[in-house]
Amino acid sequence: MDIERTLAALTLPEKAALVSGKNFWYTAAVDRLSIPALMMTDGPSGLRKQKPTASAGDITDSVQAITYPAAALSASSWNTTLMRQLGEHLGEEARAEQVSLLLGPGVNLKRSPLGGRNFEYLSEDPLVAGKLASAYVDGVQSQHVGVSVKHFVANNRENQRFTASSDMSARTLRELYLRTFEIITKAAYPATIMTSYNRTNGVLNSQNRHLLRDILRDEWGFHGAIMSDWGAVADHAEALKASLDLEMPGKGQASVDEIIRAVQTGELDVGTLNKAVRHLLHVVDKWRPADTAGTYDHQAHHDFARKLADDSIILLKNHQNELPLKSATAGKVVVIGELAEHPRYQGSGSSHVNPTKLVTPLEALQDTGLQANYYPGYRLDESETDDQLAQAALDAAKDADHVIVFAGYPAAAESEGFDKNSILLPENQTDLIGSLAKLNEHTTVVLQNGSAVEMPWIHTVAAVVETYLAGEAVGEATWDILTGAVNPSGHLTETFPVRLTDTPMAPTFAQDPRHELYSEGIFMGYRYYDTHEMHVLYAFGHGLSYTEFEFTNLNIKQSEHGATVTFDVTNTGDCAGQAVPQLYVANHTSHAPMPTKELRGFTKIAVAPGETKPVTLKLTRQDFSWWRQGKHRWQADSGDYEIMIGQSSRDIRLQTKLTMDFKNSPAPVTDETYLTNVAWNPRLLELFKQKVIAPASQAGTSLLGATDADGTPTILQDRMFLNMPLRALIAQGVPADLIEDFIRAANAR
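Fair warning: this is a prediction, and the values are worked out from it, not measured in the lab. (Residues numbered from 1 in each chain as written. Predicted model: local features only at pLDDT ≥ 70, side-chain atom pairs only at ≥ 80, totals over all residues. Heavy atoms only, no water.)

1. A short note on the overall build of the protein
And then number 1: Each helix and strand in the protein was counted, giving 22 helices and 30 strands.
And then number 2: A globule of 749 residues ought to have a C-alpha radius of gyration of about 27 Å, and the protein, at 29 Å, matches this closely.
And then number 3: Expressed as lengths along the three principal axes of its C-alpha atoms, the size of the protein is roughly 95 × 75 × 45 Å.
And then number 4: When the 749 residues of the protein are sorted by exposure, 61% land in the buried category.
And then number 5: At a minimum sequence separation of 6, the contacts of the protein that also span at least 24 residues come to 76%. (Helix = DSSP H or I, 4+ residues; strand = E, 2+ residues; numbered from the N terminus. Rg over C-alpha atoms; globule rule 2.2 N^0.38 Å. Buried < 20%, exposed > 50% of the residue type's maximum accessible area, 1.4 Å probe, protein only. Contact = heavy atoms within 4.5 Å.)

As structure tokens, then:
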């Protein structure tokens, strides 16, 4: 398409139609200029293409498609290669269905475990979310299908999501909530980005010029289209002026008429409208649909869904090697829990998929070789204990060699559109797990849930396996891990607190219908728990294996631009496994408040028994930077840092100190500069002696008092005086002209 020629040929009504969704799933077409309509569908963890006969609001009436693990689980793989392959599989399926734009990935951070949509998001950490999502975007778009990265930005609660304002400091917004989108935008070049419903610091995101134009377009250089979430636009003309390009799903002819009217009255400049149309024409030209419907290998894609779940399921606890269960030695196994028969394998809301081949844990059990009996134990759609079901399960567990309990939430408890009010499992399940563990010390809990849960029974069970929402291969993948057919290698991308009340936002989350105050600032997730040295149930990055890994030979090569970190990982066990080395940086030099450590790199490597593999992770200047609000820029400070290598934020295996010199221009000296900054800087100290101490001593100024052998006044060794700014010396009798002379000399190049 000749974009400029096409733009010039469009009429005002046609332009107005292009920036307004034609209907629930399509953009407008302009047949006379051969501009096709683009179809889009939901798709973070599977294609949800609604059938032509389905009503717009019916999320269940969609074509059959592979149901992949929800993002909460797939992110736990920490595997960028698999995430790209997930994108490739989804892209192939979307192309076969003539879909042009896949609405995903969802990359909002998991600020609170109460977030109703947490199952659809990747992590509480922007680096993990950014790198994994970038791989996913690359994969989808390699199949000539565009994505819509969502939801931009700070959409971290569902209650009142259309109107609530996420209120936070610029530093918090930059370092956490914008950072994920920045990584994806610069690394993966997504076709579109979707704005969220909420406001940020009082301004509706769909018409937030600072976010959409100043940051996303001008600063980050985003050239794709910016579209709204469904129904997120309050004022279409204002949204276009702020750099939104496409209102979805549009309001039919009313949307077209309001744009025409806004241009005719001068409310909307035609040049602004042209910019939006130009962005959309580029998207239409690059991501136009396939001419005919295609096919794909459903079984091969199902097998990949199983592989992805295998690589992601997390072994949280394994007391005295309770797992794996081998058919030859496991003895009598009892499987308990309705979720084994009717598993929770996907999220509710816009990510709901009609699976091609759901394999339940109870069905997959038949292929394990284990001798096992099944008892429902509880009713999933109730929270009260069914005494008959519970007693039957307890009786069976008494003389079992192993008890496997499937536990989790019903679909109605976790969904898009509302937040949770508790992270405890339903009462009937909690009570049953506690009773079973008292009867049989060989009790394993298999969790099916969308977010972190409290575990009051944790010290009484032998093992815990976190499957989150594992997709249509949930049964096969669960038993792959339980039996050791696959060595678990998943690691948490969120912290599991001991109690909900331990979370920093517990007293305020979703309390105010108009405002969500991010009072914790940058101290969210592990940044909060680790800095406050709080006990947690399971730390960010935690995950066990059926083998052991040793980390050795840490070396660092640094430059003014960053550092290269190398170390070795050895499998010291007797079975093959995958390690997830995580690199954390502690900032000991900046004066701004800092978390005790922040994730700055990770990888995943397969290591055979007895094998040693080298790992190299690179740190850039950005990895040492923080957002300085007053200067409106990233700042990397020269000074002392600490490099840590671990298997979680609490399991640090190697660490060393590092002094970085970024060749920064020094901060200017003013009368507000503290004496401590003078005393600790050799150049400033020498100048201070020349410009202030020597002439003041000659003038007999008594404040400076005695000096030591090298002529340094004793006040510069006194903590009380060190905590004074230069202007305080004037008030103490030091001539003002001496201080002014020192400041001029200190700032001279």
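After that view of the structure, there is still more to cover.
2. Things to note about the sheet that holds strand β29 (residues 639-646)
And then number 1: Here four strands make up an open sheet; going across it, the order is β24-β23-β29-β30 and the pairing antiparallel. The open sheet has two edge strands with one neighbour each: β24 (598-602) and β30 (652-660). In this sheet, neighbouring strand axes are inclined to one another by 25 degrees on average, regardless of whether the strands run parallel or antiparallel.
And then number 2: In this sheet, β30 lies alongside β29 in antiparallel orientation, the contact comprising eight bridges. Residue pairing for β30: Asp640 is matched across the bridge by Thr659. (Pairing = 2+ DSSP bridges. Axes fitted to C-alpha atoms, helices over the stretch in contact; angles between N-to-C directions.)

3. Examining the sheet that holds strand β9 (residues 225-228)
And then number 1: Read across the open sheet, the five strands follow the order β1-β3-β4-β6-β9; overall the sheet is parallel. Strands at the two margins of the open sheet, each flanked by one partner only, are β1 (40-42) and β9. Taking the axes of each pair of neighbouring strands and ignoring which way they run, one obtains an average angle of 30 degrees across the sheet.
And then number 2: The sheet contact formed by strand β4 (residues 146-152) and strand β6 (residues 192-195) spans three bridges and is parallel. In the sheet register, Ser148 faces β6, and the bridge partner there is Thr192.

4. A word on the packing of helix α19 (residues 682-698) against helix α22 (residues 736-747)
And then number 1: Viewed as axis vectors pointing N to C, α19 and α22 meet at an angle of 155 degrees, and their least axial separation amounts to 9 Å. Taken together, the axis directions place α19 and α22 in an arrangement best described as roughly antiparallel. Pair α19 / α22 crosses with right-handed handedness. Taken together, the residues of α22 that come into contact with α19 (itself represented by Arg683, Leu684, Leu687, Phe688, Lys691, Val692, Pro695 and Ala696) are Leu738, Ile739, Asp741, Phe742, Ala745 and Ala746.
And then number 2: Residue classes in the contact of α19 with α22 are distributed as 11 nonpolar, no polar and three charged. (Parallel < 35°, antiparallel > 145°, perpendicular 65-115°, else oblique. Left-handed = near helix turned anticlockwise from the far one by under 90°. Nonpolar A, V, L, I, M, F, W, Y, C, P; charged D, E, K, R; others polar.)

5. Focus: the nonpolar core
And then number 1: One finds Phe152, Met455 and Phe496 to be the most contacted residues of the largest nonpolar core, which totals 141 residues.
And then number 2: At nine residues, helix α5 (residues 126-141) tops the list of elements feeding residues into this core.
And then number 3: Not counting chain neighbours up to four residues away, the residues in contact with Phe496 comprise Leu316, Ser451, Ala452, Val453, Met455, Glu466, Tyr468, Val536, Leu537 and Tyr538.
And then number 4: In terms of nonpolar packing, the next biggest core, distinct from the first, is built from 38 residues, Leu18, Trp25, Met194 and Leu268 among them. (Core = buried A, V, L, I, M, F, W, Y, C linked by side-chain atoms within 4.5 Å.)

6. Examining helix α14 (residues 387-398)
And then number 1: Given a rise of 1.5 Å per residue, 12 residues ought to cover 16 Å, and the 16 Å separating the end C-alpha atoms of α14 matches this to within 8%.
And then number 2: Residues of α14 that are buried include every one of Leu389, Ala390, Ala393, Leu394, Ala396 and Ala397, and no others. In a view along the axis of α14, the buried residues occupy a sector of 165 degrees, so they form one face of it. Exposed and oriented more than 90 degrees from the buried face of α14 are Asp387, Gln388 and Lys398.
And then number 3: Buried residues along α14 sit against β11 (332-336), β13 (371-375), β14 (402-408) and α15 (427-439). (Expected span 1.5 Å × (residues − 1). Arc of directions from axis to C-beta.)

7. Some words on unusual backbone geometry
And then number 1: Cis geometry is found at the peptide bond from Lys150 to His151, where omega equals 0 degrees.
And then number 2: With an omega of 10 degrees, the peptide bond between Leu323 and Pro324 qualifies as cis.
And then number 3: Structurally, the position occupied by Pro324 is in the loop between β10 (314-318) and β11.
And then number 4: Phi angles above zero are rare outside glycine, and Asn321 is one such case at about 50 degrees.
And then number 5: Within the fold, Asn321 resides in the loop between β10 and β11.
And then number 6: The exposed category is assigned to Asn321, whose relative accessible area is 63%.

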